[in-house]
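Residue-level structure breakdown
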Amino acid sequence: MREISSPATFKDSYIAEVKEELAREGVQVLKVKKNTTAKSVRKLKAPRHIKAVLREAILELLKEGRVPTYKEIKQKALEIYQAKKQHQESIVERYYGLWKIEDKNLVSEIALNEEIYYER
């Protein structure tokens with residue numbers, strides 16, 4: 001998962017998908033276009049982590065009592081994402097210093113060993 005640094009990451013189709021879900025739950029989100037066919041399926045679905053941020057942004061903007069634009073939703077979602085990212089502890093910080101290594105050359109040996117490889 002790449003770090004989000006631009007409001008353009010939150011695509012209009014992602015926002016529309018979240019707005020449709022909120023409308024199905026009974027949240028009053030205006031300007032939701034209803035699907036004309038029962039079998040229509042979204043080609044591009046929002047990832048879960050983006051969907052959660054967009055949902056939070058839309059609900060927060062709706063509390064102001066007006067209908068937010070897509071641009072406002074994208075900007076608010078970026079702000080929420082960056083605020084969450086600052087409070088999140090990194091994996092390095094969590095596990096740094098967990099094991100005490102006596103051999104100082106171990107790290108360089110592991111890095112230079114051609115038999116060891118990492119998969120994502």
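A separate point is helix α3 (residues 70-87). With 18 residues, α3 should reach 26 Å at 1.5 Å per residue; the first-to-last C-alpha distance of 26 Å fits that figure. Among all positions of α3, only I73, K74, K76, A77, L78, I80 and Y81 are buried. Those residues of α3 hidden inside the fold are in contact with α1 (12-24) and α2 (48-62).

What follows concerns the nonpolar core. Within the largest apolar cluster, 19 residues are counted, with the highest numbers of intra-cluster contacts made by F10 and L54. Mapped onto this core, the elements with two or more residues apiece are α1, α2 and α3. Once residues within four sequence positions are removed from consideration, F10 is found in contact with I4, I15, I50, V53, L54, K74, A77 and L78.

Moving on: the pattern of salt bridges. Following the criterion strictly, the structure yields 9 salt bridges and no others. Across the pair E17 and K51 runs a salt bridge whose closest N-O atoms are separated by 3.1 Å. Note that E17 is positioned in helix α1 and K51 in helix α2, a separation of 34 residues in sequence. Its salt-bridge partner being E79, residue K76 comes within 3.9 Å of it at the nearest N-O pair.

Conventions used here
- Residues numbered from 1 in each chain as written.
- Predicted model: local features only at pLDDT ≥ 70, side-chain atom pairs only at ≥ 80, totals over all residues.
- Heavy atoms only, no water.
- Helix = DSSP H or I, 4+ residues; strand = E, 2+ residues; numbered from the N terminus.
- Expected span 1.5 Å × (residues − 1).
- Buried < 20%, exposed > 50% of the residue type's maximum accessible area, 1.4 Å probe, protein only.
- Contact = heavy atoms within 4.5 Å.
- Core = buried A, V, L, I, M, F, W, Y, C linked by side-chain atoms within 4.5 Å.
- Salt bridge = Lys/Arg side-chain N within 4 Å of Asp/Glu carboxyl O.

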